[in-house]
Amino acid sequence: MNAMREQSRSVWMDVEVVSDAAPLAESTKADVAIVGAGIAGLSIAYELALRSRSVIVLDRGPIAGGMTARTTAHLAPSCDDSLSELLAMRGQELASGFQASQNAAVDRIEAIQAELDIDCEFRRLDGILFLDPASEPSVLDDEVSAASEIGVKVERGRGLPLETLQDRAFLRYPGQATFHPLKYLRGLAEALEKKGARLHAFSAVEEISEDQGGVHLRLTSGHMVDGSYVVVATNSPIHDLFALHTKQAPYRTYAMGFEIERGALADALYWDTEDPYHYVRLTSGADGKDVLIVGGEDHKTGEANDAPARFAALESWIRVLVPELGPELYRWSGQVMDTLDYCAFIGRESGRERTFVTTGDSGQGMTHGVVASLIIPDLIDGRDNPYAAVYDPGRKPIGAAATFVTENSTAATNLAQYLMPGELESVEELEPGQGAIVRDGLSKIAAYRGEDGALYQRSAVCTHLGCHLHWNSLEKCWDCPCHGSHFAPDGSVLNGPAIAPLTEVGTGQHARAAE
């Protein structure tokens, strides 16, 4: 996707993964077409190339320019939503399969970066889960019990070298890892091109179909890609109108980077038991120093527009724990797709033979993306895979019925919002750099005034399934709270599942055509 066009910049974005990836210039064929050039798409492409499959990768924006560039890149195999919750939701057999697959994904990243000699800061380290003051101590007891049943190594401890945590109970998970995601993908992309894989940026796919003869992709350029199989590896699946979207929900998450002296904090992955939880890691900085990355303060996409308050809360929380923290260097946001049962949807699309999907990162996009590369190539080759049942896209999360109702109430609430008055009486009230919803009779307009005074007026209805959009003042984009689509002020798509741009309205003196 083209989330690079959102306004904030992550700590990783100075690295360009493929500098010369051109748009697809003509219709073509390949054994496997992959839509989406994040860690899932490129990892799947690499494994297929190793099996001598011809591969073409297509992305709406730059290669690795989607949500992969907005991660914090924890390679933590333990379930992001707690082992006890995973065990209660999936049962012992599937929970153990989840854990084994996540471990295998980290092992695969470690092996690839070693084989290809990729300088991506990969390292093994401890994961530290510490008790939030508002959480009951039994939370850690539940995690230890679940870890024993699933087969996760964990050690109890007390007292961390952080302010206010000198006597706090914690759990240590050995053998976790981390890396620089875009440096890793740069090395992977170089290897892919040497193996003959074709990587095409700015090549948006608008239709995917399959028949007995193969799959057929139509791009917005009019070019066609025909193949034997297609893998949809976008943040939220662009080919599915309903089924998968009812089983996952989009959340905005926030991250900041601060300068810190190297050695001032032990190199580990840290997270707490608060809901939503905070997470902390280190990466290399400039002049021999490190960058401390802290994230959290999540909310459902489109249901809040208070990024400054979210960042202030993050900074306040981390500066209490690490008083010697230096100045702020970065702040950014990203989007995660939380599934009802904490596991991604990876595998053959229900009701199709040649279409495969990977979505639902559930806060573990780096490992889930690589898990997809372990599963989907096997399924394409007609082989059994030990992890396929864990991630089957057709599964019905029976144990998550209450969550299903809660998450899918967004659409009903959203419809009611569309019937309410606009945020401003008139577009004339818009200040430069401001976006707002303005009612125009029975319709609503997503209006934005550029810093140069130019006015953009687009329909406030998402082109995926018609949900009511909300302005995101941090990223200067329109967010869909139902299924996670994002649109630029000019109406162009930044993130799926939407494919079509927002409809231009108000073509009189106040509007400016999309560029």
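Parameters at a glance
- Residues numbered from 1 in each chain as written.
- Predicted model: local features only at pLDDT ≥ 70, side-chain atom pairs only at ≥ 80, totals over all residues.
- Heavy atoms only, no water.
- Helix = DSSP H or I, 4+ residues; strand = E, 2+ residues; numbered from the N terminus.
- Pairing = 2+ DSSP bridges.
- Axes fitted to C-alpha atoms, helices over the stretch in contact; angles between N-to-C directions.
- Phe/Tyr/Trp six-rings, centres within 6.5 Å; stacked < 30°, edge-to-face > 60°.
- Buried < 20%, exposed > 50% of the residue type's maximum accessible area, 1.4 Å probe, protein only.
- Lys NZ or Arg CZ within 6 Å of the ring centre and 35° of its normal.

Enquirer: Even after reading the chapter, I still don't get unusual backbone geometry, so can you show me in this structure?
Expert: Trans peptide bonds make up the majority, and among non-glycine residues the majority have a negative phi. Here the residue pair Asp 275 and Pro 276 is connected by a cis peptide bond, since its omega of -5 degrees sits within 30 degrees of zero. Its location among the elements puts Pro 276 in the loop between β12 (269–272) and β13 (279–284). The peptide bond linking Gly 496 to Pro 497 adopts the cis configuration, its omega dihedral lying at 20 degrees. By secondary structure assignment, the location of Pro 497 is in the segment after β24 (493–495). Within the chain, Ala 64 stands out as a residue other than glycine whose phi angle is a positive 60 degrees. Checked against the element boundaries, Ala 64 lands in the loop between β2 (55–58) and β3 (74–75). Phi at Glu 297 is positive, roughly 60 degrees, even though this residue is not glycine. On the secondary structure map, Glu 297 appears in strand β14 (residues 290–300).

Enquirer: Teacher, can you tell me more about the sheet that holds strand β18 (residues 434–440) here?
Expert: Consider a sheet: its strands pair through backbone hydrogen bonds, and that pairing is either parallel or antiparallel. Read across the open sheet, the three strands follow the order β18-β19-β20; overall the sheet is antiparallel. The sheet terminates laterally at β18 and β20 (455–459), the two strands that pair on one side only. Going from strand to strand, the sheet's axes swing by 25 degrees on average, the running direction of each strand aside. Pairing analysis gives seven bridges linking β18 to strand β19 (residues 443–449), with the strands arranged antiparallel. Bridged to Ile 437 within β19 is Ala 446.

Enquirer: Is there a simple way to explain the sheet that holds strand β21 (residues 470–472) in this structure?
Expert: If you trace the four strands from one edge of the open sheet to the other, you get β21-β22-β23-β24, paired in antiparallel fashion. Lying at the two open borders of the sheet, with one neighbouring strand each, are β21 and β24. Here two bridges tie strand β22 (residues 477–479) to strand β23 (residues 486–487), and the two strands are oriented antiparallel to one another. In the strand pairing of β23, Asp 479 is matched with His 486.

Enquirer: Mind showing me how you'd approach the packing of aromatic side chains here?
Expert: Centre-to-centre distance and the angle between the planes together describe a pair of aromatic rings. Throughout the structure, instances matching the rule amount to ten aromatic pairs. With 5.4 Å between their ring centres and 55 degrees between their planes, Phe 179 and Tyr 184 make a pair best called tilted. Just as Phe 179 is buried, Tyr 184 falls in that class too. Here the aromatic cluster, defined as three or more aromatic residues joined through ring pairs, consists of Tyr 448, Tyr 456, Trp 471 and Trp 478. The lysine or arginine in question, Arg 354, covers the ring of Tyr 229, its NZ or CZ lying 5.7 Å from the ring centre.

Enquirer: Can you walk me through the pairing of strand β6 (residues 169–178) in this structure?
Expert: Most of β6 sits inside the fold, with seven of its ten residues counted as buried. Relative to β6, β3 runs antiparallel, the two sharing two bridges. Bridging from a neighbouring strand, Leu 75 pairs with Ala 177 of β6. When strand β4 (residues 123–130) meets β6, the two strands line up antiparallel, connected through seven bridges. The residue of β6 that forms the bridge with Leu 129 is Leu 171. In the sheet, strand β5 (residues 155–158) pairs with β6 via four bridges, with the strands oriented antiparallel. Its bridge partner being in β6, Arg 156 is matched across the sheet by Leu 171.

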